[in-house]
Amino acid sequence: MKKDAIELELSSLRRLAPAGFSIGIAIRFFSPLATYIEYPEDWVKEYTQNAYALVDPAVIWGMTNEGILPWSKNKLPDTMGIFEKAKKHGLKHGLTCSIKINNKKTFGSFARSDRPFTETEAELIIESVKRLHIAHMPNEDLSMDEVATLELTANGLTGQQIAEELSIAIQTVKLRLSSARKKLGAKNTNEAAAIAKSLGLFEEQSKIR
């Protein structure tokens, strides 16, 4: 199911960033757990041969910040003129987004050739990157109890109803949901449930029962 979730997010990012993208997943000591590069082949070759990553403002920003940076608002020095060189390969408009979940950093850059990204598109990209990051994490990061509680939330049950359904205290429900939100990097419980569902965790749970 994780392969399906990963491909779903990559397909979404291809639509949002038609000129290509590059993503490093769960980076530690400059080494990513997984990498996805879908820029034009000529640009990838030039970028790699000239070791642009060592001085790329987008990479430097992504490693040291969290959030979204439109390339047009970059204030870091571009000593090798990387942004201008990228334009020659169709990467005329772009943004970099960076997240950190449970001390694991993921960031990527995304490009269009026709126009700048809208704010809505930027938000969709960072949310997709977040789900992509989570899809690469071990399932054991989320306990079976947390998945079960999230699933009941997704089914519309209130905290009190979940407590009664699982025969646990309401405080236990709150603790499980709080832990699940943190592990999934979700802003709220509804988002956490949506992420868990997109990763197929509810289906995996049902097979275990």
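None of these values were measured; they are calculated from a predicted model. (Residues numbered from 1 in each chain as written. Predicted model: local features only at pLDDT ≥ 70, side-chain atom pairs only at ≥ 80, totals over all residues. Heavy atoms only, no water.)

## Examining unusual backbone geometry
For clarity, the cut-off: Strands here mean DSSP runs of E at least two residues long; helices mean DSSP runs of H or I at least four residues long; both are numbered from the N terminus. Burial classes: relative accessible area under 20% of the type maximum marks a residue as buried, over 50% as exposed, and values in between as partly exposed (1.4 Å probe, protein chains only).
A positive phi angle, near 50 degrees, is found at Ala-26, a position not held by glycine. At Ala-51, a residue that is not glycine, the phi angle is positive and equals roughly 50 degrees. Along the chain, Ala-51 turns up in the loop between α2 (41-49) and α3 (57-64). Taking the relative accessible area as the measure of exposure, Ala-51 reaches 34% and is therefore partly exposed.

## Section: the sheet that holds strand β2 (residues 34-37)
Either a parallel or an antiparallel arrangement is found when strands of a sheet pair, and the pairing is made through backbone hydrogen bonds. For clarity, the threshold we go by: Only strands joined by at least two bridges in the DSSP assignment are considered to pair. Note on definitions: angles span 0 to 180 degrees between N-to-C directions of axes, and those axes are lines fitted to C-alpha atoms, for helices only across the stretch in contact. Pairs of residues are marked as contacts when any of their non-hydrogen atoms sit within 4.5 Å.
Strand order in the open sheet made by the five strands is β2-β1-β5-β4-β3, with antiparallel pairing throughout. Looking along the sheet, the strands with just one partner apiece sit at the ends: β2 and β3 (67-70). When the angles between neighbouring strand axes are averaged without regard to direction, this sheet yields 10 degrees. By the bridge criterion, four bridges tie β3 to strand β4 (residues 93-101) in an arrangement that is antiparallel. Counterpart to Leu-69 in the pairing with β4 is Thr-96. Taken strand by strand, helix α5 (residues 119-135) contacts β1 (20-27), β2, β3, β4 and β5 (104-112), and its axis lies near 40 degrees from that of β4.

## A closer look at the layout of surface pockets
Test applied: The rule is simple: put a 1 Å grid over the protein atoms alone, call a set of points where a 1.4 Å probe fits but cannot get out a cavity, call an open set with protein on both sides within 12 Å along at least five of seven lines a pocket, and count a residue as lining if it has an atom within 4 Å of a point. Grid points are joined across faces, edges and corners, and a volume is the space filled by probe spheres set on the points. Note on residue classes: Ala, Val, Leu, Ile, Met, Phe, Trp, Tyr, Cys and Pro are nonpolar, Asp, Glu, Lys and Arg are charged, and everything else, Gly too, is polar.
In this structure, the largest pocket spans a volume of roughly 750 Å³. Ser-22, Tyr-47, Ala-53, Val-59 and Phe-107 are, among the 29 residues lining the largest pocket, the residues nearest its centre. Looking at the lining of the largest pocket, the elements with two or more residues in it are β1, β2, α2, α3, α4 (82-87) and β5. Broken down by class, the residue content of the lining of the largest pocket amounts to 22 nonpolar, six polar and one charged. What lines the second largest pocket is a set of 19 residues, and nearest its centre among them are Pro-70, Trp-71, Ser-72, Gly-94 and Pro-116. For the lining of the second largest pocket, the secondary-structure elements that each account for two or more residues are β3, α4, β4 and α5.

## Re the pattern of salt bridges
Oppositely charged side chains are able to pair whenever their charged atoms sit close together. Put simply, the rule reads: The term salt bridge refers to a side-chain nitrogen of Lys or Arg lying within 4 Å of a carboxyl oxygen of Asp or Glu.
Scanning the model with the defined rule gives eleven salt bridges in all. Asp-145 is the partner of Arg-176 in a salt bridge, and the nearest nitrogen-oxygen pair spans 3.6 Å. Of the two residues, Arg-176 sits in helix α8 (residues 170-184) while Asp-145 sits in helix α6 (residues 144-154), which places them 31 residues apart along the sequence. Between Lys-183 and Glu-146 there is a salt bridge, with the nearest N and O atoms lying 3.1 Å from each other. Linking Lys-183 in helix α8 with Glu-146 in helix α6, this pair joins segments that are 37 residues apart in sequence. Of the residues examined, Glu-146 reaches a relative accessible area of 7% and is grouped as buried. Members of the salt-bridge network, linked through shared partners, are Arg-112, Asp-114, Arg-115 and Glu-121.

## So, α3
Cut-off, in case you're wondering: Here the arc refers to the directions that run from the helix axis out to each C-beta atom.
Within the span of α3, buried status applies to Pro-57, Ala-58, Trp-61 and Gly-62. Across the axial projection of α3, the buried residues extend over an arc of 130 degrees, all falling on one side. As for α3, its buried residues are in contact with β3, α4, β4 and β5.

From the geometry alone we can't say anything about function, so treat these as descriptive.
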